[in-house]
Amino acid sequence: MSGYLSEAGLTDDDARRQAAEVLARVEAEGLESVRLVFPDPHGVLRGKTLMPGALAGALADGVTAPSTVMLKDTSQRTAFPVWQADAGFGAGALTGSGDLLLAPDPATFRTLPWAEKTGWMLCDVARRDGAPLAFAPRTVLKAALARLAAQGLAMQVGLEVEFHVFQVTDPKLSPADSGMPAAPPEVEYLTRGYGLLGEERTNALDEVIRLLRGACDGLGLPLRAVEAEFGPSQLEFVFDPGAPLEQADAIVLFRSMAKQVAARHGLHATFMSRPRLDHAAAAGWHLHQSVLDATTGRNLFTPGGGAALSDTADCWIAGLLRHARETCLITTPTVNGYKRYQDFQLAPTRIQWAHDNRGAMIRALTRPGDAASRIENRVAEPAANPYYVFASQIAGGLSGLAAGVPAPPPVEAPYADAAPRLPANLGEAIQAFETGHLFRSAFGAEFTSFYARLKRAEWERYLAEVSEWEQREYFGGL
């Protein structure tokens, strides 16, 4: 199956063989539609739905989408001046809401267990002529993995994702509620109070867990465990470790699935870190990672002898810590995510590491002879873009290996330590990202200027809005 994607170098023999298998499967299963989706810069899936008769052409030639879908902030506003001659990417580039090219990846094909006779496939995003788009999430991660492979290394990541599921009491569907962004739904909790790992809480959430677990099974997602988390209506899903690209694909599919399945049952799933609800607990995303010898598969984080850390793990941690402030814009990309960083709340507030201490930013789980030795970076929020996050860990870790400087000593009391603090808000994170050098070097100037501008649009809208706190604090008394 040849076509424009072959001419542009966006497919190969394996992909063409897999495409033929997808077409056969669509026909054999009697599918009536196929969703072609792609992650935007926020890690949110967008896409088009094709009928089976159009799928062969899409697999050969790709499909197009307006370039503005990759230029929108979290309110769905286009954050770049696309109606000018230069939108920030060079004269004529990504202007006028012109087309981007979506290249389906047949290796990602699935059928959706909750949507009748519906297939699903991820796409890579490129410029209309097939040239790479510097900030397309899958492209960014693939480039980072290529740099890692050039050093003879591979990465394995494991995901622990916390989130909330609520009962919807008012979906806010009136025209007055449909702004940019739309009014959030009104909800109530599914469980009462706090109780980490409480069996009765697990039982109370069993119907929701069964819905989501069944969908994970139907999608082939590598779910390992489900936990009732600390706060009301809060869950944690834990996935088997795997390769970064496959894990990033899995987590964006999981988040989209959770929201879709919940909505079909009158529920609302959210990956917002700290919902503004009475007694809600903040949610985090804990990223376990290890580095392997790409040839032998040996875990290079497993220490030898009586050492607490291997040399590779030591320098990898050092790199992550050295660039932690500028990386926060990627790991914690929303205004809300910084409100999770509070002392004594199982969230990091300082740039440090520790042995098996959940208050530190990086938790080292390494033992001599333990092939599962790894580190856990606890800094990210659940809504972060996983492609950018994994790529950021590779960039920081490789910089540490290149420098060859070991990490500072581990801490014992993470909330009493004098280590530098993580950014206090999104504005500080933007400044650290722009003034740092890591991502301009690793991802390129176009990515860094794009991402800083995108997040600044969100930050400036937040600063311009009069909050409930201000109204309560000043309106009556001043």
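Note that this is a predicted model, so its numbers are computed, not measured.

A few words now on the overall build of the protein. Of regular secondary structure, the protein possesses 14 helices and 15 strands. Computed over the C-alpha atoms, the radius of gyration of the protein is 23 Å, within 12% of the 23 Å expected from 2.2 N^0.38 for a compact globule of 478 residues. The buried share of the protein, taken over its 478 residues, is 53%. Sequence separation of 24 or more characterises 71% of the internal contacts of the protein that already satisfy a separation of 6 or more. Working note: accessible area of the protein is about 20,800 Å², and carbon and sulfur atoms make up 51% of it. For the protein, the separation between the mean place of its 44 positive charges and that of its 55 negative charges on side chains is 2 Å.

It is worth spelling out empty space enclosed by the protein at this point. Under the counting rule described, the total for this entry stands at one cavity of 30 Å³ or more. One number sums up the size of the largest cavity: a volume of about 80 Å³. Along the walls of the largest cavity sit 13 residues, with Leu320, Ala324, Thr327, Met361 and Asn377 positioned nearest its centre. Sorting the residues of the lining of the largest cavity by element identifies α9 (324–331), β15 (374–380) and α10 (386–403) as the ones contributing at least two each. With four residues, the single largest contributor to the lining of the largest cavity is α9. Looking at the lining of the largest cavity residue by residue, the classes come out as six nonpolar, seven polar and no charged.

Across the interface, α9 lies against α10 with an axial gap of 9 Å and an inter-helix angle of 160 degrees. Classified by the angle their axes make, α9 and α10 are roughly antiparallel. For the crossing formed where α9 meets α10, the hand is left-handed. Residues Thr327, Ile330 and Thr331 of α9 form the contact with α10, whose own contacting residues are Tyr388, Val389, Ser392 and Gln393. Classifying every residue of the contact of α9 with α10 gives three nonpolar, four polar and no charged.

Approximately 510 Å³ is the volume attributed to the second largest pocket. In this structure, the second largest pocket is lined by 28 residues; those nearest its centre are Leu10, Thr11, Asp105, Asp124 and Lys142. The dominant element in the lining of the second largest pocket, judged by the number of residues it contributes, is helix α2 (residues 13–28), at five residues. Across the lining of the second largest pocket, the residue classes tally to 15 nonpolar, six polar and seven charged.

Per the counting criterion, the structure on display carries 25 salt bridges. One salt bridge connects Asp124 with Lys142, and the closest N-O pair in it is separated by 3.0 Å. Taken as a pair, Asp124 in strand β6 (residues 118–127) and Lys142 in helix α4 (residues 137–150) lie far apart in primary sequence, 18 residues in all. The partly exposed category is assigned to Lys142, whose relative accessible area is 34%. Put simply, Lys455 and Glu458 hold a salt bridge, and the shortest N to O gap is 2.6 Å. Linking Lys455 with Glu458, this pair stays in helix α13 (residues 445–464), spanning three residues, or about one helical turn.

What counts, and where the lines are drawn
- Residues numbered from 1 in each chain as written.
- Predicted model: local features only at pLDDT ≥ 70, side-chain atom pairs only at ≥ 80, totals over all residues.
- Heavy atoms only, no water.
- Helix = DSSP H or I, 4+ residues; strand = E, 2+ residues; numbered from the N terminus.
- Rg over C-alpha atoms; globule rule 2.2 N^0.38 Å.
- Buried < 20%, exposed > 50% of the residue type's maximum accessible area, 1.4 Å probe, protein only.
- Contact = heavy atoms within 4.5 Å.
- Areas by Shrake-Rupley, 256 points an atom, 1.4 Å probe, with all protein chains shown as cover.
- Lys, Arg positive; Asp, Glu negative; His and termini not counted.
- Charge placed at Lys NZ, Arg CZ, Asp CG, Glu CD.
- 1 Å grid on protein atoms, 1.4 Å probe; cavity = no way out; pocket = protein on both sides within 12 Å on 5 of 7 lines; lining within 4 Å.
- Points joined across faces, edges and corners; volume = space filled by probe spheres on them.
- Nonpolar A, V, L, I, M, F, W, Y, C, P; charged D, E, K, R; others polar.
- Axes fitted to C-alpha atoms, helices over the stretch in contact; angles between N-to-C directions.
- Parallel < 35°, antiparallel > 145°, perpendicular 65-115°, else oblique.
- Left-handed = near helix turned anticlockwise from the far one by under 90°.
- Salt bridge = Lys/Arg side-chain N within 4 Å of Asp/Glu carboxyl O.

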